[in-house]
Amino acid sequence: MLDVLQKDVRNCRNDFPSLARTVSGKQAAFFDGPGGTQVPNQVIDAISLYYKTCNANAHGPFVTSVETDETVKLAREAMAAMLGAPGPECISFGANMTTLAFALSRAFSRLLKPGDEVLVTDLDHEANRGPWQTLASHGAVIQSVRMTADGTLDMDDLSAKLSDKTRLVAVGYSSNALGTVNDLLHIRRLTRAVGALLIVDAVHYAPHFPIDVQQLDPDVLLCSAYKFYGPHVGVLYSRRGLLDRLPTDKLRPQDDDAPYRIETGTLNFASLAGVTAAVRYIAAFGSGGSLRERVVSGMETIHAHELALARRLYDGLQAMKHVRLYGQPFGEELRAPTVSFVVDGVDSQLAAKQLAEHGIFVWGGHFYAMRVIESLGLEEAGGLVRVGISVYNTAEEVDRLLEVVRAMQ
Ligand SMILES: Cc1ncc(COP(=O)(O)O)c(C=O)c1O
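Residues numbered from 1 in each chain as written. Predicted model: local features only at pLDDT ≥ 70, side-chain atom pairs only at ≥ 80, totals over all residues. Heavy atoms only, no water.

## Considering the packing of aromatic side chains
Alright, step 1. Tallied over the full model, the rule gives 13 aromatic pairs.
Alright, step 2. Seen from their ring centres, Phe-30 and Phe-361 are 5.0 Å apart, and the 85 degrees between their planes marks the pair as edge-to-face. Residue Phe-30 is found in strand β3 (residues 29–30), and its partner Phe-361 is found in strand β13 (residues 360–361); the two are separated by 331 residues along the sequence.
Alright, step 3. When its relative accessible area of 23% is taken as the criterion, Phe-361 is described as partly exposed.
Alright, step 4. Pairing Tyr-50 with Phe-269 gives two aromatic rings, centres 6.5 Å apart and planes at 50 degrees, and the pair type is tilted. Residue Tyr-50 is found in helix α1 (residues 41–53), and its partner Phe-269 is found in helix α8 (residues 269–283); the two are separated by 219 residues along the sequence. (Phe/Tyr/Trp six-rings, centres within 6.5 Å; stacked < 30°, edge-to-face > 60°. Helix = DSSP H or I, 4+ residues; strand = E, 2+ residues; numbered from the N terminus. Buried < 20%, exposed > 50% of the residue type's maximum accessible area, 1.4 Å probe, protein only.)

Right, dumping it as structure tokens:
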């Protein structure tokens, strides 16, 4: 059942039990959302209920197994609604995004011919580079699209590196290091023109914006539920007809078709109950009739809240002479509420540690977006300090963070 009452971002904090944590008497402020968000009671309860009532393996004749099958079906339907997929058969699950990407790359390795080209980008998380770079050992030529100093993809470089030899383009929807949102509709047009497959890493985008895979039309889109208030589960959308034909690793009794073809072994059923609950949690912030409408509207509500806080944070940091901000400013361009910076003379990992001592949780370093840090020449500085805004963050928390950074000069 969908929550009947529409949720308000101003009083959602009570849903998250972990927000009650303190550090040396100070209230913990969780700005580590890009690494993984906190989890509301609705999700925790759904996971717990699964273990309490219907823990079993799938496809059996007895009630707990039947209910387990139903749990999986509901999770596929919920994710199809969240991503705008035409049906639940487009949704596969796995341990996490990285594991799913590696499973896909092994399948593609059986299809590529020597000399085929694969395009990755310097703006991406290693999880959307490493799996595709392994294709080099099967004779593929891997190229990486450069990023610009303002943290966007160099589109001229992308166009120059695309050719009729390009078979696969792997690109992020949003950068987990800088918050940049890529123009994927444009990239989709370019990849289609050369007949290449488009693989989209939406891990950083999915917690902040509605996604419409039917409009975007990627061949594959990956995300992770633990970044949007859910449990540690990877989600793979695949275009109808694609997965059925891929030579994935699979066992003999495993179903040949999508979405099962890439799901090796037993799924994490309890967590899938949590995935459904996480999608419904986002939907509870929205309005509309269908789950899809409510998720889209809920996501817009959440994003408006996040954007206001991200702007407050960005403006506050911009006013500090000892702080250098990276990535695009908050202007006209769509941008994730992820603010990254360097404090002059303070190693970024040390800065994150200092904030942690004040009960303010942020990440410092490269966050696996290693090419971003290398491209910006920030290895010596210890990478970036990254502050992620989530639905449960408040203006008071942002002000606390600003105060600690201000005192670092
Ligand atoms: C943009 C991006 N892509 C991929 C990943 C990897 O996701 P997972 O931990 O589910 O493998 C992350 C994780 O931080 C990420 O931020």
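## Brief notes about the pattern of salt bridges
Alright, step 1. This structure, assessed with the given rule, holds 24 salt bridges.
Alright, step 2. Residue Lys-113 is joined to Asp-116 by a salt bridge in which the shortest nitrogen-to-oxygen separation is 3.9 Å.
Alright, step 3. Its relative accessible area of 5% is what places Asp-116 among the buried residues.
Alright, step 4. Notably, a salt bridge pairs Arg-167 with Asp-116, separated by 3.4 Å at the nearest N-O pair. Of this pair, Arg-167 sits in strand β7 (residues 166–172) while Asp-116 sits in the loop between α3 (97–109) and β5 (117–121), placing them 51 residues apart in sequence.
Alright, step 5. Each member of the salt-bridge network shares a partner with another, and the members are Asp-122, Glu-126, Arg-129, Arg-371 and Glu-374. (Salt bridge = Lys/Arg side-chain N within 4 Å of Asp/Glu carboxyl O.)

## So, the site of the ligand
Alright, step 1. Near the ligand you find Asn-96, Met-97, Thr-98, His-125, Ala-127, Asn-176, Asp-201, Val-203, His-204, Ser-224, Tyr-226 and Lys-227, and these make up its full shell.
Alright, step 2. Asp-201 is positioned with one of its side-chain polar atoms (N or O) 2.6 Å from a nitrogen atom of the ligand.
Alright, step 3. Here Tyr-226 contributes a side-chain N or O atom positioned 2.5 Å from an oxygen atom of the ligand.
Alright, step 4. For the ligand, the protein covers 90% of the area, taking 400 Å² as the surface of the free molecule.
Alright, step 5. Taken together, the residues of the shell around the ligand sort by class into four nonpolar, six polar and two charged. (Near = heavy atom within 4 Å. Polar contact = N/O pair within 3.5 Å; in protein donor to acceptor, adjacent residues only side chain to side chain. Areas by Shrake-Rupley, 256 points an atom, 1.4 Å probe, with all protein chains shown as cover. Nonpolar A, V, L, I, M, F, W, Y, C, P; charged D, E, K, R; others polar.)

## Overview of the sheet that holds strand β12 (residues 338–343)
Alright, step 1. Sheet architecture is open: four strands sit in the order β11-β12-β15-β14, paired in antiparallel fashion. Edge positions in the sheet fall to β11 (323–326) and β14 (363–365), since each of these pairs with one other strand and no more. The sheet shows a mean angle of 30 degrees between the axes of neighbouring strands, direction not considered.
Alright, step 2. Here three bridges tie β14 to strand β15 (residues 384–388), and the two strands are oriented antiparallel to one another. Looking across to β15, one finds that Gly-364 is bridged to Val-385.
Alright, step 3. The sheet contacts of helix α10 (residues 348–357) involve β12, β14 and β15, and relative to β14 the element is tilted by about 165 degrees. (Pairing = 2+ DSSP bridges. Axes fitted to C-alpha atoms, helices over the stretch in contact; angles between N-to-C directions. Contact = heavy atoms within 4.5 Å.)

## Topic: α1
Alright, step 1. Counted at 1.5 Å a residue, the expected span for α1 with its 13 residues is 18 Å, and the 18 Å between its end C-alpha atoms agrees.
Alright, step 2. For α1, the full list of buried residues reads Val-43, Ala-46 and Tyr-50. With its buried residues spanning 60 degrees around the axis, α1 presents them on a single face. Across from the buried face of α1, at angles greater than 90 degrees, the exposed residues are Leu-49 and Lys-52. (Expected span 1.5 Å × (residues − 1). Arc of directions from axis to C-beta.)

## Let's talk about the sheet that holds strand β4 (residues 91–94)
Alright, step 1. With mixed pairing, the seven strands of this open sheet are ordered in space as β4-β10-β9-β8-β7-β5-β6. The open sheet terminates on both sides in strands that have one partner only, identified here as β4 and β6 (141–145). Neighbouring strand axes in the sheet, compared pairwise and without regard to direction, differ in orientation by 20 degrees on average.
Alright, step 2. Strands β4, β7, β8 (197–201), β9 (220–224) and β10 (234–238) of the sheet are contacted by α3, whose axis makes an angle of about 155 degrees with β9.

## With respect to the pairing of β5
Alright, step 1. The buried count for β5 comes to five of five residues, which makes it a mostly enclosed element.
Alright, step 2. With burial as the criterion, each face of β5 is covered, one bearing Glu-117, Leu-119 and Thr-121 and the other bearing Val-118 and Val-120.
Alright, step 3. As paired elements, β5 and β6 share five bridges and run parallel to each other. Residue Glu-117 lies in a different strand from β6, and its bridge partner there is Val-141.
Alright, step 4. The pairing of β5 with β7 spans three bridges and is classified as parallel.

## Here's the deal with the domain arrangement of the protein chain
Alright, step 1. For the protein chain, the assigned domains read domain 1 (9–39 + 292–406) and domain 2 (46–283).
Alright, step 2. In this complex, domain 1 contributes 43 residues to the contact, which on the side of domain 2 involves 39 residues.
Alright, step 3. Of the roughly 3300 Å² buried between domain 1 and domain 2 on both sides combined, carbon and sulfur atoms contribute 61%.
Alright, step 4. Connecting domain 1 to domain 2 are one salt bridge.
Alright, step 5. Of the charged contacts in the structure, one is a salt bridge between Arg-371 and Asp-122, with a shortest N-O distance of 3.2 Å.
Alright, step 6. Linking domain 1 with domain 2 are 20 residue pairs in polar contact (both at pLDDT 80 or more), by the criterion used here. (Domains from an automatic or database assignment. Buried area = accessible area lost by both parts, 1.4 Å probe.)

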